[in-house]
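Chain residues, written in single-letter form:
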Amino acid sequence: MRTLIRSLLTIIGLTSVHAAEVTLDLSGAVFGTGQEIHLDSNAERLDPSFAYNYRVEGSIRGTGLLANIVPSGSNLEDLLGQIGTGTVNPLSGVVANPSGRLPINVINQSFDGPIPIPGVAVTPSVSITMKGGVTANGTIRFDVTNVNLSVPIVGSLGTIVFEPGSRLIVGNAYTGFAGTYNTLIETPVFATSRLGLLKVTLAPTGALTGSLKLGGRNYPIKSTLGTTQVTKDIKLPAVGLLVRLSVDFNTPAVLTADLRNEAGSLATFAMNRSLYTDGPPLVRSGAYTIVIQPPKPVAGDVPSVIPAAPGFLLAKVTANGNVTFAGVLCDGKAVTSAGALTTGDTVPFYAGLNAGRGALFGTVNLREQDEPDDITGTLRWLKPIAAGEKIFIAGFDRDCELLGSRFIKPDAGQRIMNFTTGYFALTAGNLASPANPAAVLGSDNRFTTDPSLKASIAVATGLFKGSFRPATGKVPSGFRGVILQKQAKASGFFIGKPAPGDLPEAGAVELMPAL
């Protein structure tokens, strides 16, 4: 505006007129009325919600002498930016509507003031009022009135008007952020019991619901972002924590979680939105079987202390990227987790163990269909020393790699995997020596095996189970595991039966093709 006024005074040759001379009142030169936007269809109609965002988009032009200074297509934001610091701010923002009723005003701003121009004796002043909102019938209304450009000169300058298409845009404030967010809670600040998984769903209205799974327990999360883009502290008194969630309109699809206690902030986590909640369906949706491979052995490891056998998971991936897991570790403990695929097609995994003092947690990766493995990842298995444990009683803290395959139920007469003749390889598990009972898989997916072993397959899920009689024992040992169709293998575990004075071990069972 300063540039506009300086140009105006230069054009009419009055750069040294005394300020006390005649004033031209342009109060009748209004900017005009923006377009009314009628939201007639259900798909477009604004639903009353907690918060709306708004943005003024205005192209302006001058008439008369002002047409030389404000040509067609000039930007309202640029013009207001010359009036003074902060005058552009009212052109966008968020307004609360906690009642959920219409009509509402989303913008009602007036700004005015003198515009001193160095080297020019006159001191012009400008005042403008902008009003807009959503009417009771869902119409968006926008008016710019009471425009007063006062300059101590004589003559008609013309008017400034909005061009067609200038408008007030109003929508649910958090539409661009709506979706599911999740992240692992893993930081040295927390004790072991503070490992967990935070998962929330943000609605277009700014409402947040979800849970914090912490130390093996679920704590509900419920709050609203409102106009400040930050929730109030969500109190979790059972664990002495406060959770604060926020968004930044300059960083789409990211939700920030701040975990606090009464003394202040403990840790901050960036939560990425699910890739498929509102996007195209995930073509790799379906069922998956996953082997939790035993930790890589290091010097000094023995099967009675560190697992030498795999566990397994069954996973279901929905078309909108939600993932659920359920399985069993090689110590016999069940584990479950749930999350949503985010950046890089990864999903956080957390399962509390031993009343929350232990955990299985990490990141699971969904691979492209043309890759050798459909599922990979690393899970950290933290098993504490716990009274009453019958296996791995000393506890451990090790990483376990994941290997997974998409599972497709076979048609009648079709083998579940590319396998006909082979054997079950049984190792560790307090066996005096490895055992290798022969096995043949028929087209009916039934096994014909060595008399020492029995096995069956659940063709609907990819699970297998069975039992075998060790050469040196009379009591059969049961085993279970999963089939990996893409890798044409099957892996599982059994719990060994130790001799008196020995510690129990988890044994590995694998289905191997004939050499």
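Residues numbered from 1 in each chain as written. Predicted model: local features only at pLDDT ≥ 70, side-chain atom pairs only at ≥ 80, totals over all residues. Heavy atoms only, no water.

Draft legend 1. Highlighting the sheet that holds strand β31 (residues 453–458). Judged by pairing direction, the sheet is antiparallel, and its eight strands sit side by side in the order β30-β29-β28-β35-β34-β33-β32-β31 without closing on themselves. What marks the edges here is a single partner per strand, and that holds for β30 (447–449) and β31. Geometrically, the sheet is characterised by an average inter-axis angle of 25° between neighbouring strands, direction not taken into account. Here six bridges tie strand β33 (residues 477–484) to strand β34 (residues 489–495), and the two strands are oriented antiparallel to one another. Along β34, the bridge assignment pairs R480 with F493. (Pairing = 2+ DSSP bridges. Helix = DSSP H or I, 4+ residues; strand = E, 2+ residues; numbered from the N terminus. Axes fitted to C-alpha atoms, helices over the stretch in contact; angles between N-to-C directions.)

Draft legend 2. Broad picture of the environment of M130. Looking at the element boundaries, M130 is found in strand β8 (residues 125–134). Here M130 falls in the buried class, since its relative accessible area comes to 1%. In this structure, the C-alpha to C-alpha distance between M130 and L91, residues 39 residues apart in sequence, is 9.2 Å. (Buried < 20%, exposed > 50% of the residue type's maximum accessible area, 1.4 Å probe, protein only.)

Draft legend 3. Structural detail: the pattern of salt bridges. Under the counting rule described, the total for this entry stands at 12 salt bridges. Two residues, K333 and E389, come together in a salt bridge whose shortest N-O distance is 2.9 Å. Of this pair, K333 sits in the loop between β22 (322–328) and β23 (334–340) while E389 sits in the loop between β26 (375–383) and β27 (396–407), placing them 56 residues apart in sequence. Taking the relative accessible area as the measure of exposure, K333 reaches 24% and is therefore partly exposed. D397 is the partner of R380 in a salt bridge, and the nearest nitrogen-oxygen pair spans 2.6 Å. With R380 in strand β26 and D397 in strand β27, this pair connects stretches of sequence that are 17 residues apart. Using a relative accessible area of 39% as the deciding quantity, one classes D397 as partly exposed. (Salt bridge = Lys/Arg side-chain N within 4 Å of Asp/Glu carboxyl O.)

Draft legend 4. Here's a closer look at the pairing of strand β18 (residues 254–261). Of all eight residues that make up β18, six are buried, and the element is covered over most of its length. Direction of pairing for strand β17 (residues 241–246) relative to β18: antiparallel, over a ladder of five bridges. Within β18, the position partnered with S246 by the bridge is T256. Relative to strand β19 (residues 264–272), β18 is paired through eight bridges, and the arrangement is antiparallel. Along β19, the bridge assignment pairs L255 with M271. Between β18 and β19, which pair antiparallel in sequence order, lie two residues.

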